[in-house]
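# Overview (structure and organization)
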Amino acid sequence: MHTNQKTTLQNTIAAVHQIEASVLDHFFVRRAPEVTLEYAIGQLAQLLESGQLHLRASHRSKELVQVQQQMQDLHYLKLQPLLPVLLKAAQAHVTDVGTGLDDGTYHEAENPDHEDTALVVQSFSLCVPLDQPSGHTHCIDLSALTKIAKSGGLDAMLALTTTNPGGIRRLLTEQYFSYSLWGEDVIFDNKLRKEIEDALGEPLQEVVYPDFAMEIALALPAQQVDAFLGLMEELKRSSEPMY
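Presented here is an overview of the structure given in this document. (Residues numbered from 1 in each chain as written. Predicted model: local features only at pLDDT ≥ 70, side-chain atom pairs only at ≥ 80, totals over all residues. Heavy atoms only, no water.)

Okay, the nonpolar core next. Counting 25 residues, the largest nonpolar core has Met157, Leu160, Ile168, Phe188, Ile196, Leu204 and Leu220 as its most contacted members. Contributing elements (two or more residues each) for this core: α7 (142–149), α8 (153–160), β4 (177–181), α9 (190–200), β7 (215–219) and α10 (222–238). Looking at this core, the element that brings in the most residues is α8, giving five residues. In this structure, Val23, Leu37, Leu44 and Leu55 belong to the second largest nonpolar core, which totals 19 residues. (Core = buried A, V, L, I, M, F, W, Y, C linked by side-chain atoms within 4.5 Å. Buried < 20%, exposed > 50% of the residue type's maximum accessible area, 1.4 Å probe, protein only. Helix = DSSP H or I, 4+ residues; strand = E, 2+ residues; numbered from the N terminus.)

Here's what the structure looks like:
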């Protein structure tokens, strides 16, 4: 394996360890330093009983299986940004072995799992998020914007254009989305969400940003943000009343 590939993998492993530690810190107010995430998920009841782990107050009312599942879910969400890095390193390894087999540097007997490994890497590549389209299209018409403004949707639409912190978001442990209006939290209910999605003609996106991994943000699709902000500018220039 080349030096730069080795460094990439080492950096990825270090990042994974940091993620595991942050997940444990989120669920436990105190934990023994030798307790790993993998071990904690499997042996949660015994570790709590022995005093090696102490649950935070926000998780004490949950069943152990719920805590275990939430730990796994949060770990997966926080690992997602590393998937392209990991796949790049894996693909480089597959390419290196494949080239070596073709030119005789490597022997098939020494790499019996090469084809299986290549297939696994190819399969996981489908999990990497697609690139956002580069062009911007005005997909929202004025009548639809005016309609959702009547039920407070204009403020919600503005909140949907901002990323965390702020915007429309919910904690992983909560069931509802909210946003701030004049310094007060407002519930973003399903009725308003449907009105906005109907106006857009497509669903809103639920996103986890790497720096705010305990929150799920609700956002306009990327190609819609400029369209919406452009229409807002048009409304300002025309001075047309919203309702």
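What follows continues from the structure just given.
Summed over the entire model, instances satisfying the criterion amount to five salt bridges. We note a salt bridge from Glu195 to Lys191, for which the minimum N-O separation is 3.0 Å. Here Glu195 pairs with Lys191, and both are found in helix α9, just four residues apart, close to one helical turn. Residue classification places Glu195 among the partly exposed residues on the basis of a relative accessible area of 22%. (Salt bridge = Lys/Arg side-chain N within 4 Å of Asp/Glu carboxyl O.)

Let us now look at the packing of aromatic side chains. Any aromatic ring pair is given by two values, namely how distant the centres are and how the planes are angled relative to each other. For the structure shown, the criterion picks out one aromatic pair. With a centroid separation of 6.4 Å and an interplanar angle of 75°, the aromatic rings of Tyr179 and Phe188 are classed as edge-to-face. Judged by its relative accessible area of 4%, Tyr179 falls in the buried class. (Phe/Tyr/Trp six-rings, centres within 6.5 Å; stacked < 30°, edge-to-face > 60°.)

All right, on to helix α4 (residues 64–79) then. Each α-helix winds once per 3.6 residues, and so residues spaced three or four apart point in a common direction. The end-to-end C-alpha distance of α4, which contains 16 residues, comes to 23 Å, matching closely the 22 Å that a straight helix rising 1.5 Å per residue would cover. For α4, the complete set of buried residues consists of Val67, Gln68, Met71, Leu74, His75 and Leu77. (Expected span 1.5 Å × (residues − 1).)

Okay, the pairing of β7 next. A large share of β7 lies buried, amounting to five of its five residues. Of the strand pairs in this sheet, strand β3 (residues 168–171) and β7 are connected by four bridges, and their pairing is antiparallel. The partner of Leu171 across the bridge, within β7, is Glu215. Bridge count for strand β6 (residues 205–207) against β7 is three bridges, and the pairing is antiparallel. The residue of β7 that forms the bridge with Glu206 is Leu218. (Pairing = 2+ DSSP bridges.)

For α8, the buried fraction is high: six of the eight residues fall into the buried class. Within α8 the residues assigned to the buried category are Gly153, Leu154, Ala156, Met157, Ala159 and Leu160.

These figures come from the coordinates and say nothing about function on their own.
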